[in-house]
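Here's the letter readout for the chains.
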There are 2 protein chains.
Amino acid sequence: MEVQLQIKMNEKLFLRDPEQTELGKKIIRHSIQLIYKNGFELFTFKKLAEDIGTTEAGIYRYFENKHRVLIYITAWYWGWLQYRLVFNTNNIKDPAVKLKKVIQLLATTVVDDDKTIHINEDLLHQIIIAEGSKAYLTKHVSEDNKEQLFKPYKDLCAVIADIILECNPKYKYPRSLASTIIEMAHFQNFFMHNLPSLTDFGKTKDEMKVVSFLEDLVFSSIRKK
Amino acid sequence: MEVQLQIKMNEKLFLRDPEQTELGKKIIRHSIQLIYKNGFELFTFKKLAEDIGTTEAGIYRYFENKHRVLIYITAWYWGWLQYRLVFNTNNIKDPAVKLKKVIQLLATTVVDDDKTIHINEDLLHQIIIAEGSKAYLTKHVSEDNKEQLFKPYKDLCAVIADIILECNPKYKYPRSLASTIIEMAHFQNFFMHNLPSLTDFGKTKDEMKVVSFLEDLVFSSIRKK
DNA sequence: TTTAGAATGATAGTAATACTATCTCATAGA
DNA sequence: TCTATGAGATAGTATTACTATCATTCTAAA
């Protein structure tokens, strides 16, 4: 049986739903490839249109601007990650084991998921590491936030915070620790590869060490004192 | 006696040293104001020139592009922070007290320093919070890094890592913990004000709570086990 | 079978951005 | 007095970030 995974996206993210048409799916697929290749700053709708074989105007029918595309694909990623997280921790009783699974899912390389043909999760993971925070580091975060554009990120954070509280109901900073885990899973990876002296993993560039660091950090903090 | 503070900057950051001329100092002062006001994306040399009362071409004599300006002011900030850190922990013997001072300096509001007339440290601090990571989150990090553009950040990280090791010489991740403290001091502040549900401080918006969170995180981790 | 409407393609145009080039002028130091 | 340096003024280009319009194709309902 063939299972197809669909992540339900906030309709305010787009002008026309890219999941509903061939062109729309191409826009997502090629956006991921182009942002991965050139970085978000050099990513333009002109280049994207040429890449796909359509016109700039065609892209603008789906997305207001390139920043919305970035929010779209990051939101998709957080939604997908939460699905994987719930799926993978489904029958785990021990919250500490769950939390370790969370850290591992966040901090290690993603394998392309066949259930989503038009999205390459591996490239997407790399984009989240290098460009993810640009989705919200803008002057218009608050307005974007009012439109619920960051809901998938916040939901994921809430899920992780709940697991933290399961481990220790008295821990005082579950949400901040959750957002710290998420951000550091990506930043330590970025630093390790690009600014290695900001980490202790520069020599080996081994993502399992990021996992170890995060586990040490998290479990030291939430251990009952 | 009047003391003037000068931070020595990497010469590769600029085409002409902005500290050496009146126009140069104006470029720095007004860049900080404009980036603070409009955000880095909407900051252009045209607007900057109009603000100062000079021409675009005049700005280009000092900086290759606006991204270099961002790296310049962030580098300046890290240099200044390290000076403050060393100054403020100068005669503290206990490394744990030192580390608390570090966290406080990183995570609390900056008061404008009279020793640097042309730089408003308070605005600069806000810029670091919202735009700081854009300095290195680019496709050309590695080349920029080879030119040592991020040295002040890395030096600061090394200083903090050393204090961590003073607290516990056996702690395995001093550099990663140091970069985590630096990044989270800023991200938790940003989240608290803009995406409050990612933190536990959304209600009060009290920076002292960020300090408490970071202290708890750090001292749990490095405590000898 | 016709037909409306939705999606796409093709083309054009504009304002702003991110630069580069050149020429002049003031002035400060040798 | 000469000369280098900093700065002002002006012009110009390629690219970016859009908006508008009109023609075409394809499909799903009447």
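Residues numbered from 1 in each chain as written. Chains lettered and ligands numbered in written order. Predicted model: local features only at pLDDT ≥ 70, side-chain atom pairs only at ≥ 80, totals over all residues.

Engineer: Give me the lowdown on the overall build of chain A, citing residues and values where you can.
Structural biologist: On a plain count of helices and strands, chain A comes out with ten helices and zero strands. The helix and strand sequence of chain A, counted from the amino end, reads α-α-α-α-α-α-α-α-α-α. Each principal axis of the C-alpha atoms in chain A carries an extent, and together these give about 60 × 45 × 35 Å. Among the 225 residues that make up chain A, the fraction classed as buried is 42%. In chain A, of all internal contacts separated by at least 6 residues, the share reaching a separation of at least 24 is 63%. (Helix = DSSP H or I, 4+ residues; strand = E, 2+ residues; numbered from the N terminus. Buried ≥ 20, exposed ≤ 12 C-beta atoms within 10 Å, placed from the backbone. Contact = placed C-beta atoms within 7 Å.)

Engineer: Could you give me a rundown of the interface of chain A and chain B, with the residues and numbers involved?
Structural biologist: Every contact between the two is made by 40 residues of chain A and, on the other side, 40 residues of chain B. Element by element, the count of residues in the side of chain A that touches chain B is highest for helix α9 (residues 174-194) of chain A, at eleven residues. A breakdown of the residues in the side of chain A that touches chain B according to their chemical character gives 15 nonpolar, 15 polar and ten charged. (Nonpolar A, V, L, I, M, F, W, Y, C, P; charged D, E, K, R; others polar.)

Engineer: Describe in detail the protein's contact with DNA strand C, supporting the description with residues and values.
Structural biologist: By nearness alone, 15 residues border DNA strand C, and A:T21, A:L23, A:T54, B:A57 and B:N65 come closest of all. Listing elements by their share of the surface near DNA strand C, those giving two or more residues are α1 (22-38) and α3 (56-60) of chain A together with α3 (56-60) of chain B. The greatest single-element share of the surface near DNA strand C, amounting to three residues, is contributed by α3(B). (Near = placed C-beta within 6 Å.)

Engineer: Can you lay out the protein's contact with DNA strand D for me, pointing to particular residues and giving the numbers?
Structural biologist: The local shell around DNA strand D holds 15 residues, among which A:A57, A:N65, B:T21, B:L23 and B:T54 are the closest. At the level of secondary structure, the elements contributing two or more residues to the surface near DNA strand D comprise α3 of chain A together with α1 (22-38) and α3 of chain B. A breakdown of the residues in the surface near DNA strand D according to their chemical character gives four nonpolar, six polar and five charged.

Engineer: Which residues make up the relation of the copies chain A and chain B, and what are the values?
Structural biologist: The two chain copies are connected by a rotation around an axis plus a translation along it. Rotating chain A by 180° and translating it 0.0 Å along the rotation axis places it on chain B, where the RMSD comes to 0.0 Å. Taken together, the rotation and translation describe the operation of a two-fold axis. Residues of chain A ranked by C-alpha distance from the rotation axis are headed by A:S220, positioned 2.7 Å from it. (Least-squares fit on C-alpha atoms with pLDDT ≥ 70 in both.)

Engineer: Before we move on, can you summarise unusual backbone geometry with the specific residues and values?
Structural biologist: Residues and elements named next belong to chain A. Phi at Q148 is positive, roughly 70°, even though this residue is not glycine. With respect to the secondary-structure elements, Q148 resides in the loop between α7 (141-146) and α8 (151-167). In this structure, K205 is a non-glycine residue whose phi angle is positive, near 50°. When you line up the elements, K205 lands in the loop between α9 and α10 (207-222). Classification of K205 as partly exposed rests on a count of 13 C-beta atoms within 10 Å.

Engineer: So what's going on with the nonpolar core? Residues and values would help.
Structural biologist: A:I73, A:I181, A:L214, B:I73, B:I181 and B:L214 are the most contacted members of the largest nonpolar core, which totals 136 residues. With residues up to four places along the chain from it excluded, the contact list for A:I181 reads A:I103, A:L106, A:I160, A:L214 and A:V218. (Core = buried A, V, L, I, M, F, W, Y, C linked by C-beta atoms within 7 Å.)

Engineer: Explain the environment of B:A135 to me, using residue names and the numbers behind them.
Structural biologist: All names here are of chain B. When you line up the elements, A135 lands in the loop between α6 (121-131) and α7 (141-146). Among the residues examined, A135 registers 24 C-beta atoms within 10 Å and is labelled buried. In this structure, the C-alpha to C-alpha distance between A135 and K93, residues 42 residues apart in sequence, is 35 Å. When residues no more than four places from it in sequence are discounted, the contact partners of A135 are L70, I71 and T74.

Engineer: Give a detailed account of the packing of helix α5 (residues 95-107) of chain B against helix α8 (residues 151-167) of chain B, specifying residues and quantitative values.
Structural biologist: Residue and element names in this part refer to chain B. Between α5 and α8, the shortest axis-to-axis distance is 8 Å and the interhelical angle comes to 145°. Classified by chirality, the crossing of α8 by α5 is left-handed. Facing P95, A96, K98, L99 and V102 of α5, the residues of α8 in contact are I160, I163, I164, E166 and C167. Its residues assigned to classes, the contact of α5 with α8 shows eight nonpolar, no polar and two charged. (Axes fitted to C-alpha atoms, helices over the stretch in contact; angles between N-to-C directions. Left-handed = near helix turned anticlockwise from the far one by under 90°.)

Engineer: Describe the packing of α9(A) against helix α9 (residues 174-194) of chain B, naming the residues involved and giving the relevant values.
Structural biologist: As a packed pair, α9(A) and α9(B) sit with axes 10 Å apart at the nearest point and diverge in direction by 130°. By the angle class used here, α9(A) and α9(B) are oblique. Judged by the twist between their axes, the crossing of α9(A) over α9(B) is right-handed. Residue-level inspection shows A:S176, A:S179, A:T180, A:E183, A:M184, A:F187, A:Q188 and A:F191 of α9(A) in contact with α9(B), the latter providing B:S176, B:S179, B:T180, B:E183, B:M184, B:F187, B:Q188 and B:F191. Taken together, the residues that form the contact of α9(A) with α9(B) break down as six nonpolar, eight polar and two charged. (Parallel < 35°, antiparallel > 145°, perpendicular 65-115°, else oblique.)

Engineer: Residues and numbers for α1(B), please.
Structural biologist: All names here are of chain B. Compared with an ideal rise of 1.5 Å per residue, which puts 17 residues at 24 Å, α1 spans 24 Å between its outermost C-alpha atoms and is within 8% of the ideal. All of the buried residues along α1 are I27, I28, H30, S31, I32, L34 and I35. Buried-residue contacts for α1 involve α2 (45-52), α3, α4 (66-88) and α6. (Expected span 1.5 Å × (residues − 1).)

Engineer: Tell me about helix α6 (residues 121-131) of chain A, and please be specific about residues and values.
Structural biologist: Of all the eleven residues making up α6(A), eight are buried; the element is thus mostly covered by neighbouring parts of the structure. When α6(A) is considered as a whole, its buried residues turn out to be A:E121, A:L124, A:H125, A:Q126, A:I127, A:I128, A:A130 and A:E131.

Engineer: An account of the environment of A:K154 is needed here, citing residue identities and associated values.
Structural biologist: Relative to the assigned elements, A:K154 resides in helix α8. Setting aside its immediate chain neighbours within four residues, A:K154 contacts B:L195, B:S197 and B:L198.

So, to be careful, I would describe these as geometric facts and stop short of saying anything about function.
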